[in-house]
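One letter stands for each residue in the lines below.
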Amino acid sequence: MAKLARKVALVGAGMSKFGRNFPLKRNPDMWVEAWLSAVKSVDNGIEPKDIDACYVGNYSSDLFNHQGHLGPQMANLVGLTPKPASRFEGACASSGIALRQAIIAIASGIHDVIVVSGVECMNELPTALVTDTLATASDSLFEYPAGATFPGLYATIASAHFHKYGTTAEDLMYVGIKNHENGAENPFAQMQQSIKQMMESKMARYEKEGRSVPDWKDEFDFLKSSSNPMIASPLRLFDCSLVTDGAACLFLAAEDIARNFTDDPIWITGTGQGSAALSLHDRESLTSFIATREASRQAYEMSGLKPKDIQIAEVHDCFTIAEILAMEDLGFYEKGKAAEAVRNGDTKRDGPFPINTSGGLKSKGHPVGATGAAHAVEIFKQMRGIAERNRQVKFDVERALTHNLGGSGGTCVVTIYQK
Amino acid sequence: MTEEKDFTLQNYLEFIQNKKLMGTRCKNCGELYVPVRKLCIKCNSANMEWSEMAGKGQLAAFTSITVGTPYFIEKGYDRNKPYCFSVIKLEEGPMVSAQLVGVDESKPETIKIGMPLRVKFLETEIKGETKIDLGFEPV
């Protein structure tokens, strides 16, 4: 794997508030919000005249919003037209792909500065149609007629992982609890509450309403109760990420000019992308994502780093089982050993290897096409030491990784960042 | 003569409508594909032939779905009547996706990975038309 022909720096990053907005915010509204947040993060300022191209990651505005062709639509909002503006699609990995293509374009010498973004407005549709739109990222000819939903596909993977490695539904609960504890500390997150807080507020509400208060001793009791309904066995509601509206925005610059924008650039030293058959039945393994293994292999090789060198990571926890698979397929833990690490608290933000300090897709939210860029926003903050509230990790982050997965593992993009 | 049919997805799906589970076998290297492929991804040969599956296999992975797709809601499934999506490893080697029937979907813990299954073509009446989907049931 060749090194990048020219170094690429992340010089700014920001995001819109993730969630469900009342009144509705559409793609352009959220995109500008993310742009302004990212502009504010650039130490020496950045203006449209400094930028050569606009890359937008988006999964399905066509179906969610009856709007295609987002590249120029977004570019024009901040006065970037007539510069090149393109949209990239790879399901939930859409803005991860946009990021990777921007890295490649800058390294090639064609562009010096690119704004990379991701945006998705899912709540314009009713939930049933949202689910149906998401299902188009799976195989529509064979999996869909057999009844596959998105949670269903990850649940199927979970059943195989449970069978092979003895992973349990309770292991998955540790992932959700940890990610919500982090999301509670993220002012941009959709659900800024720990699961314990949600449980306690439900108990308080029942008491106030004079109803019999459930006998939950801890979060696990709550998560095993009917307050956490089964969606697709073994995955319950709190194993699933959220339906979210949001946008995220990054500024990438070539090494020659990165210091015009900041004295503190974050270097992108590795990028990799992998693919797999869309259908689970067409893959050799049901317990491992080959696209993740391939993307991370490329990124590690390019950066010269090994999994053990990575200090923090944002991984694609669209479902709790996906965080377990990512931890293993990225080489952080042996196959079958990730659940134990989560149980031990190793990946909590005060643990030895924090994962998803942002709250992850589970708590921060998952506006599909914006997720890859939002991963990089959290890494930018953690490496700068500016993560809000109480979620900044307690050590200097020199080396970090993001993992952005598309669909049920058909696409994966891995990016490595160094100070 | 099934051998004369083109190796298209449409023909594969039409075989299912006729209650046949068919794959394609590479005449060059012998690799078998279900669902159909026109091109062998092992040896790049396009020299294929149709091959009928015995319809036996074992359960590789599954889920019992309480929040289903519009198609399955139309079939009458809901939170109180979940259905099983499954991946089945056929006796001949390839894996397929299919609904798993003849099991207690409301007790997924009673459904065991590795259990032997046989094909059961599932008929659904929708708007006066009979549609046939691939299904499997315990032997």
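Residues numbered from 1 in each chain as written. Chains lettered and ligands numbered in written order. Predicted model: local features only at pLDDT ≥ 70, side-chain atom pairs only at ≥ 80, totals over all residues.

J.: Just to check I follow, could you spell out the overall build of chain A for this structure?
T.: Along its length, chain A carries 15 helices and 11 strands. For chain A, whose C-alpha radius of gyration is 20 Å, the value lies close to the compact-globule estimate of 22 Å for 419 residues. Principal-axis analysis of the C-alpha atoms gives chain A an extent of 65 × 50 × 45 Å. Within chain A, contacts between residues separated by at least 24 positions form 77% of all contacts whose residues are at least 6 apart in sequence. (Helix = DSSP H or I, 4+ residues; strand = E, 2+ residues; numbered from the N terminus. Rg over C-alpha atoms; globule rule 2.2 N^0.38 Å. Contact = placed C-beta atoms within 7 Å.)

J.: What exactly am I supposed to notice about the packing of helix H7 (residues 169-183) of chain A against helix H12 (residues 320-329) of chain A here?
T.: Geometrically, a packed helix pair is captured by the angle between its two axes and the distance between the axes. Residue and element names in this part refer to chain A. Where H7 contacts H12, the axes come no closer than 8 Å and their chain directions differ by 95°. Our classification of the angle between H7 and H12 gives roughly perpendicular. Touching Leu172, Val175 and Gly176 of H7 are Thr320, Ile321, Glu323 and Ile324, all from H12. Considered class by class, the residues forming the contact of H7 with H12 number four nonpolar, two polar and one charged. (Axes fitted to C-alpha atoms, helices over the stretch in contact; angles between N-to-C directions. Parallel < 35°, antiparallel > 145°, perpendicular 65-115°, else oblique. Nonpolar A, V, L, I, M, F, W, Y, C, P; charged D, E, K, R; others polar.)

J.: Just checking my understanding: could you explain the sheet that holds strand E1 (residues 22-26) of chain B for this structure?
T.: The strands that make up a sheet are held in pairs by hydrogen bonds between backbone atoms, and each pair lies either parallel or antiparallel. Residues and elements named next belong to chain B. Spatially, the three strands line up as an open sheet ordered E2-E1-E3, and their pairing is antiparallel. At either margin of the open sheet sits one strand with a lone partner, and together these are strand E2 (32-33) and strand E3 (48-52). Where E1 lies against E3, five bridges are found, and the strand directions are antiparallel. Pairing of threonine 24 across the sheet is with tryptophan 50, part of E3. (Pairing = 2+ DSSP bridges.)

J.: How do you make sense of helix H15 (residues 371-384) of chain A when you look at a structure like this?
T.: Given 3.6 residues to a turn, an α-helix orients residues that are three or four positions apart in the same direction. Residue and element names in this part refer to chain A. End to end, H15 covers 20 Å across 14 residues, agreeing with the expected 20 Å (1.5 Å per residue, within 8%). In terms of burial, H15 is largely enclosed, as 13 of its 14 residues are buried. One or two steps after H15, the chain reaches glycine 385, where phi turns positive at roughly 75°. (Expected span 1.5 Å × (residues − 1). Buried ≥ 20, exposed ≤ 12 C-beta atoms within 10 Å, placed from the backbone.)

J.: Just to check I follow, could you spell out the packing of helix H4 (residues 94-108) of chain A against H15(A) for this structure?
T.: Residues and elements named next belong to chain A. Look at H4 against H15: their axes get within 5 Å of each other, and the N-to-C directions meet at 65°. As summarised for this structure, H4 and H15 are arranged roughly perpendicular, according to the angle between their axes. Seen from H4, the contacting residues are Ser94, Ser95, Gly96 and Leu99; seen from H15, they are Thr371, Gly372, Ala373 and Ala376. Split by residue class, the contact of H4 with H15 holds three nonpolar, five polar and no charged.

J.: I tried to follow the domain arrangement of chain B on my own but got confused; where do I start?
T.: Note: interface size is frequently given as the accessible area lost on complex formation between the parts. All names here are of chain B. Under the domain assignment, chain B is made up of domain 1 (2-52) and domain 2 (56-138). Once you take the C-alpha centre of each, domain 1 and domain 2 turn out to be 23 Å apart. Among the elements of the structure, helix H1 (9-17) and E2 are those that each provide at least two residues to the side of domain 1 that touches domain 2. For the side of domain 1 that touches domain 2, the residue count by class is five nonpolar, two polar and one charged. (Domains from an automatic or database assignment.)

J.: Just to check I follow, could you spell out H12(A) for this structure?
T.: Counted residue by residue, H12(A) has 10 buried out of 10 residues, so it is predominantly covered. Positive phi shows up at Gly331(A), right after H12(A), with a value of about 85°.

J.: Even after reading the chapter, I still don't get the sheet that holds strand E9 (residues 312-314) of chain A, so can you show me in this structure?
T.: Residues and elements named next belong to chain A. Pairing within the open sheet is mixed, and its nine strands lie in the order E3-E2-E4-E7-E1-E8-E11-E10-E9. Two strands in the sheet have a free side with no partner beyond their single neighbour: strand E3 (85-88) and E9. For this sheet, the mean angle separating the axes of adjacent strands, direction not counted, is 25°. The pairing of strand E4 (residues 113-121) with strand E7 (residues 245-254) spans nine bridges and is antiparallel.

J.: What should I look at first to understand the interface of chain A and chain B in this one?
T.: With 27 residues of chain A at the contact, the number on the chain B side is 27 residues. Residue assignment for the side of chain A that touches chain B shows that the elements contributing at least two residues are helix H5 (127-134), helix H6 (150-165) and strand E5 (230-232) of chain A. A total of seven residues in the side of chain A that touches chain B trace back to one element, the largest contributor, which is H6(A). Each residue belonging to the side of chain A that touches chain B can be placed in one class, and the counts come to 16 nonpolar, nine polar and two charged.

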